[in-house]
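# Observations on the model geometry
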Amino acid sequence: PQSSVSTDSINFRLANDSLTLEVETFRWYVKGYRYPIFETVRSSVNRKSSEQEYFNVAFFYPPQDHYYLDNDSENQAVLDSLTITDDKLIDPKQWIKDNFRYNFNPNPVSSTLNIEYHLEQPAEVGISLFHSTNGIVRKIPAGMKQKGTYTETLDCSNLPIGTYVLSFQVKGEIISNVVLKK
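In what follows, the accompanying structure is described. Every value quoted in this text rests on a predicted model; they were computed, and no experiment measured them.

## A closer look at the overall build of the protein
From N to C terminus, the protein includes 4 helices and 10 strands. Starting at the N terminus, the α and β elements of the protein follow one another as α-β-β-β-α-α-α-β-β-β-β-β-β-β. Counting across all 182 residues of the protein, residues that qualify as buried make up 29%. Within the protein, counting contacts between residues at least 6 apart in sequence, those at least 24 apart form 48% of the total. Counting every atom, the protein has about 12700 Å² of accessible surface; 52% of that belongs to carbon and sulfur.

## Observations regarding helix 4 (residues 92–99)
Among the residues of helix 4, those classed as buried are Trp95, Ile96 and Asn99. Buried residues along helix 4 cover an arc of 100° about the axis, so they all sit on one side. Every exposed residue of helix 4 that faces more than 90 degrees away from the buried side is listed here: Lys93 and Lys97. Buried residues along helix 4 sit against strand 4 (100–105), strand 5 (112–119), strand 6 (123–131), strand 9 (162–170) and strand 10 (173–181).

## Considerations on the pattern of salt bridges
Taken as a whole and judged by the stated rule, the model has 5 salt bridges. We note a salt bridge from Glu39 to Arg27, for which the minimum N-O separation is 2.7 Å. Placement of the pair is Glu39 in strand 2 (residues 38–47) and Arg27 in strand 1 (residues 19–28), with a sequence separation of 12 residues. Classification of Arg27 by relative accessible area gives partly exposed; the value is 46%. Across the pair Arg42 and Glu51 runs a salt bridge, and its minimum N-O distance is 2.4 Å. Salt bridges linked by common partners bring Glu24, Arg42 and Glu51 together as one network.

## Concerning the packing of aromatic side chains
Scanning the entire structure with this criterion turns up 7 aromatic pairs. Consider the rings of Trp28 and Phe38, whose centres lie 5.3 Å apart with planes at 50°: the pair is tilted. Residue Trp28 is found in strand 1, and its partner Phe38 is found in strand 2; the two are separated by 10 residues along the sequence. By relative accessible area, which is 43% here, Trp28 ends up partly exposed. The partly exposed category is assigned to Phe38, whose relative accessible area is 32%. Pairing Tyr102 with Phe168 gives two aromatic rings, centres 4.7 Å apart and planes at 40°, and the pair type is tilted. With Tyr102 in strand 4 and Phe168 in strand 9, the pair connects residues that are 66 residues apart, well separated along the chain.

Scoring rules and cut-offs
Residues numbered from 1 in each chain as written. Predicted model: local features only at pLDDT ≥ 70, side-chain atom pairs only at ≥ 80, totals over all residues. Heavy atoms only, no water. Helix = DSSP H or I, 4+ residues; strand = E, 2+ residues; numbered from the N terminus. Buried < 20%, exposed > 50% of the residue type's maximum accessible area, 1.4 Å probe, protein only. Contact = heavy atoms within 4.5 Å. Areas by Shrake-Rupley, 256 points an atom, 1.4 Å probe, with all protein chains shown as cover. Arc of directions from axis to C-beta. Salt bridge = Lys/Arg side-chain N within 4 Å of Asp/Glu carboxyl O. Phe/Tyr/Trp six-rings, centres within 6.5 Å; stacked < 30°, edge-to-face > 60°.

Listed below in structure tokens is the structure:
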């Protein structure tokens, strides 16, 4: 019988050879990087009815170790737009612990709540006084502040007696304290 597949074709060899080698390669890319960040290679030997793993290997290519051609300006622009600044690498909670101190008094308050805070580095700071029933009752909008000590006051004289929450919004984190109104 004549075969419809040429004897020198890949399909003929796969159907008739008793041994084949299979290699699978997977690559993971990240926007802004021309080369893969992670790559796996799996190799197996196949015999008619069984498969035997020959080898597996994985490679990690740290993004900071990637180099670009001098004329790859388009990809370099994408990479530059994605570059993480040192500021983004710092844990906000640790940054607050190291760079932000505050105090407020009196507590309980009857008329004016005095707030003082100190920044070791510039940061955006906002302050809110919140009541569980009425929502935000006093607010000092978030604004960029330079290194230094700041004082603010909140008029609480017209607020009903009760429990309030004073919140500082610093570097995307919220620091809350209970304030009593007498």
